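# Summary of structural features
These are the residues of each chain, in order.
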Amino acid sequence: MCGVFGFFLSEMAEQKAFSVGNGQSAQSGLGVSSAGCPGALQDGLSFAPLDGNGDEVVQPFPRSPKLQRKVANARQPSQLSRRMEELQAERSKTEAHIESLKKRKSDLSRSTEVMKQRVRERFESMRCALKQDEQVVLDSLELDLRRTRTRLDQVLKNWTQHQDQGPPESVSPKKPDASEQEIRLNEERFERLLKTLSSISKNLRAQLQRKTLLLDSCPMVIDKQTCHGQMAVTSEGRGMFFSGAARAARSAPEHPLQFDKVCCALGRSPVPTAQSYWEVDVRCCAAWAVGVAYGSLERKGRDKGAKLGRNRNSWCVELRNGRLSAWHNDRHVACQSVGQTPLGKVGVWVNYNKGQLMFYDADTMVVLQRFSAAVTQVFDRAHHQFTEPLYPAVRFLKPPENQMWPNHLELCHLNAP
């Protein structure tokens with residue numbers, strides 16, 4: 001038994017030992033009595049350092065995967081806490097944003113109610129003015145009636161007194177006075193009043209309709225780079241003049257976007273994609289064309305590709321030889337709803353997304369021409385929507401021989417109704 005134990009101790013002495021503190025070797029500490037194996041204990045074997053140098057610290061063995069998992073699991077609570085804090089912060093931000101949206105929604109409702117109240121006040125003011133004027137007119141008619149009745153009562157009284165003078169055979173003949181025929185209501189004045197009220201009613205309806213269009217009004221200016229050489233544009237870009245004579249030689253070379261033969265010009269910016277409305281003052285022009293065109297409209301030459309309404313890239317209404325007509329794709333229709341009074345302003349309304357274009361007499365709001373899918377048979381084109389950006393367009397036309405050349409066109413300023 002002692003031989004086996006001695007062999008075991010010798011084997012343990014040859015194995016690796018751990019350094020303890022200051023490098024001193026540690027005793028084996030085997031629980032065997034000294035009496036049983038005195039020879040083995042007398043050998044004095046001890047565990048020595050691996051390298052024999054007691055001053056150096058021995059590094060531990062690499063951690064096993066199981067231990068690494070334990071350490072990772074021990075760290076997880078701190079990472080989970082940080083993630084929970086981040087989620088809580090994100091939740092707080094989301095709740096704050098939701099509250100902000102709710103507040104905006106509530107503010108929108110209050111603002112809308114304020115707007116509605118202000119609109120009601122404006123219409124109530126107009127109704128009061130109409131009601132007051134109505135009462136004034138009715139009072140005037142009532143006064144005229146009382147005056148007429150008073151005069152008739154006096155005439156009737158005179159005839160009654162004449163009749164009551166005595167027996168019929170003793171009453172002297174009496175002829176009606178010519179002034180009696182003049183005792184009547186002032187019907188001529190009444191007819192003038194009706195005509196005036198009818199005109200006011202028409203203008204009121206026109207202005208109310210125009211009010212709706214003016215909500216879509218947007219400022220339009222002319223692009224000077226597109227203007228024909230004989231056209232001059234005012235500094236603000238809204239007024240255009242045509243001299244009728246060749247302009248002096250231009251110091252700058254011709255711009256690629258400039259119309260060189262057709263006396264035409266386009267707007268500086270395209271029509272917005274939503275609804276847009278603008279007006280052109282044509283009172284000081286004897287022959288003109290007002291419309292819209294794609295930016296791809298030809299600029300060079302006198303071919304139809306460069307003329308408004310003579311191609312697929314432009315739409316217009318034009319006044320030539322005193323006749324107003326609407327043009328597109330080199331097809332035209334007469335504007336039948338125009339009265340005897342010359343046009344003062346042309347209104348142009350565009351709903352780009354729906355492919356709708358309308359021209360108005362801006363003074364009466366009578367529709368001059370409507371372009372949409374409903375008129376495809378007239379203009380021989382399946383037009384359902386616009387395919388390119390649209391630009392406002394104007395053109396000076398040559399008037400008849402006995403008239404002066406056109407002089408002035410202007411894009412109206414529509415900041416206020």
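Here, the structure is the one placed above.
Residues numbered from 1 in each chain as written. Predicted model: local features only at pLDDT ≥ 70, side-chain atom pairs only at ≥ 80, totals over all residues. Heavy atoms only, no water.

Before going further, it helps to spend a moment on the overall build of the chain. When helices and strands are counted, the chain shows 5 helices and 13 strands. Evaluated residue by residue, the chain yields a buried proportion of 29% over its 417 residues. In the chain, the share of contacts with a sequence separation of at least 24, taken over all contacts with a separation of at least 6, comes to 66%. Summed over its atoms, the accessible surface of the chain is roughly 28,300 Å², and 54% of this surface lies on carbon and sulfur atoms. (Helix = DSSP H or I, 4+ residues; strand = E, 2+ residues; numbered from the N terminus. Buried < 20%, exposed > 50% of the residue type's maximum accessible area, 1.4 Å probe, protein only. Contact = heavy atoms within 4.5 Å. Areas by Shrake-Rupley, 256 points an atom, 1.4 Å probe, with all protein chains shown as cover.)

This part is about the packing of aromatic side chains. The description of two aromatic rings rests on the distance between their centres and on the angle between their planes. Counted by the stated rule, this structure contains 5 aromatic pairs. Joined through ring pairs, the aromatic side chains of Tyr294, Trp315, Tyr352 and Phe386 make up one cluster. Sitting over the face of the ring of Trp327, Arg310 holds its NZ or CZ atom 3.5 Å from the ring centroid. (Phe/Tyr/Trp six-rings, centres within 6.5 Å; stacked < 30°, edge-to-face > 60°. Lys NZ or Arg CZ within 6 Å of the ring centre and 35° of its normal.)

With that settled, consider the pattern of salt bridges. Opposite charge on two side chains makes pairing possible when the charged atoms of those side chains draw close. Within this structure, the stated rule accounts for 14 salt bridges. A salt bridge links Glu188 to Arg184; the shortest N-O distance between them is 3.7 Å. A salt bridge links Asp281 to Arg283, with the shortest nitrogen-to-oxygen separation between them at 2.6 Å. Looking at Asp281, the relative accessible area reads 13%, which means it is buried. (Salt bridge = Lys/Arg side-chain N within 4 Å of Asp/Glu carboxyl O.)

What follows covers the sheet that holds strand β2 (residues 239–242). Ordered in space as β1-β2-β13-β4-β9-β10-β11, the 7 strands form an open sheet in which the pairing is antiparallel. Two strands bound the open sheet, and with one partner strand each, they are β1 (231–233) and β11 (366–371). Adjacent strand axes in the sheet meet at a mean angle of 20°, parallel and antiparallel pairs treated alike. Relative to strand β13 (residues 408–411), β2 is paired through 3 bridges, and the arrangement is antiparallel. Directly across from Gly239, in β13, lies its bridge partner Glu410. In the packing of helix α4 (residues 187–214) onto the sheet, the strands contacted are β4 (275–281), β9 (345–351) and β10 (356–361), and the crossing angle to β4 comes to about 120°. (Pairing = 2+ DSSP bridges. Axes fitted to C-alpha atoms, helices over the stretch in contact; angles between N-to-C directions.)

Take it as geometry only, folks, not as evidence of what the structure does.
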